[in-house]
Amino acid sequence: MKLKVLTSNPGKVREYQKAFDDMGIEMEHHHIPYDEIQTSELEEVVEKGMAELRAKGLRDFIIDDSGLFIDALKGFPGVYSAYGQKTIGNQGILTLMKDIKDRGAEFRCCIGCDIDGETIVVTGRCRGTILHEERGDGGFGYDPIFSPDGKRSFSEISVEEKNTMSHRGNAVKLLREQLSKHVSEQKH
Ligand code: IMP
C-alpha cells in the first residue's frame, strides 16, 4: 500500500515512513499545494484541504497541520503558528505572556488520510506550559518555550522521548490504530 505525503518538508515524509514501515505502508513525497482556509480549527483546515484535493482527483494521501494553542491567548497562535513563528517568534510570545500567571498551552497535530475512498481524520494533543524564557538548543519552532512536564522544554528532550509524548507522536498512534484496522480488513 502506498500513501502520498503532501508536504514541503521531506523530514516529515521520513518520519511517517519510520512510523508506518512495519505496517507495509510506503510513503511517497509529493509537493501538491492546497488552500489552507482561515479558521480557528486545525480539523477544518485539514478537512477542507482533503475535499479540495479529492475534487482534483487525488486519492490515497496524507496531509497534516499542527500548532501551539496558548490558553491565556485564547488559542493564539493556533492555526497561525507558522506565521507567528516567522513574525513575532518565541521572544514575541514570551512578551505577550509577560506577567500572565496562567501558562497552560497545548500542541495539537491533525492528520487527514484518504485511503481506498475512506477519510480518516485524527488529532493528537500534548498539554504543557509556556516557560518564562527559551531553554535548550534542540528541536525547532516553539520547542524552546514549551514544557510538557513543567521542568524541561521540548528543546531539552531527545527526539525519541519527544515522539513518545508529542502531539505528532500521539496523532501518529491514533492513525496507526485506524490504518491497522484497514490493513487487516484488506487481508480478509
Ligand atoms: P506544521 O503544520 O506541522 O507545519 O506546523 C506549523 C507550525 O507550528 C510550525 O511552523 C511550527 O512553528 C509549529 N510547530 C508544529 N509542531 C511543532 C513542534 O513539535 N515543536 C515546535 N513547534 C511546532
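It should be noted that the structure appears before, not after, this text.
Quick caveat, the model's predicted, so the values are computed rather than measured.

Conventions used here
- Residues numbered from 1 in each chain as written.
- Predicted model: local features only at pLDDT ≥ 70, side-chain atom pairs only at ≥ 80, totals over all residues.
- Heavy atoms only, no water.
- Buried < 20%, exposed > 50% of the residue type's maximum accessible area, 1.4 Å probe, protein only.
- Helix = DSSP H or I, 4+ residues; strand = E, 2+ residues; numbered from the N terminus.
- Pairing = 2+ DSSP bridges.
- Near = heavy atom within 4 Å.
- Polar contact = N/O pair within 3.5 Å; in protein donor to acceptor, adjacent residues only side chain to side chain.
- Nonpolar A, V, L, I, M, F, W, Y, C, P; charged D, E, K, R; others polar.
- Core = buried A, V, L, I, M, F, W, Y, C linked by side-chain atoms within 4.5 Å.
- Contact = heavy atoms within 4.5 Å.

Visitor: Got a minute to help me understand the pairing of strand 4 (residues 104-115) in this structure?
Guide: Along any regular strand the residues' side chains alternate between the sheet's two faces. Across the 12 residues that make up strand 4, a large majority, 12, are buried. Sheet analysis places strand 3 (residues 61-70) next to strand 4, joined by 10 bridges and oriented antiparallel. By the bridge assignment, Ile62 is partnered in strand 4 with Cys113. Across 12 bridges, the pairing between strand 4 and strand 5 (residues 118-130) is antiparallel. Residue pairing across strands places Ala105 opposite Gly128, the latter belonging to strand 5. As consecutive antiparallel partners, strand 4 and strand 5 are separated by 2 residues, and within that stretch Asp116 has a phi angle of approximately 45 degrees, a positive value.

Visitor: When you look at the site of the ligand in this model, what are you seeing that I'm missing?
Guide: As a matter of local geometry, the ligand sits amid 14 residues, with Lys12, Ser66, Asp143, Lys162 and Arg168 nearest to it. The separation between an oxygen atom of the ligand and a polar side-chain atom of Lys12 is 3.0 Å. At 3 residues, helix 3 (residues 81-87) tops the list of elements feeding residues into the shell around the ligand. Among the residues making up the shell around the ligand, the classes are represented as 4 nonpolar, 5 polar and 5 charged.

Visitor: Is there a simple way to explain the nonpolar core in this structure?
Guide: One broad trend across soluble globular proteins is that nonpolar side chains are buried collectively. Phe20, Met27, Ile111, Leu175 and Leu179 are the most contacted members of the largest nonpolar core, which totals 21 residues. Of all the elements in the fold, those that place two or more residues in this core are strand 1 (2-6), helix 1 (10-20), strand 4, strand 5 and helix 6 (167-187). Sorting elements by how many residues they give to this core places helix 6 first, with 5 residues. Within the second largest apolar cluster, 15 residues are counted, among which are Phe107, Tyr142, Ile145 and Ile157.

Visitor: So what exactly am I meant to see when it comes to the environment of Lys162 here?
Guide: Tracing the backbone shows Lys162 in helix 5 (residues 159-165). Put simply, Lys162 and Gly150 are 12 residues apart on the chain and 14 Å apart in space, counted from C-alpha to C-alpha. Apart from the residues lying within four places of it in its own chain, the contact partners of Lys162 are Phe140, Asp143, Phe154 and Ile157. Separated by 3.1 Å, the side chains of Lys162 and Asp143 make a polar contact.

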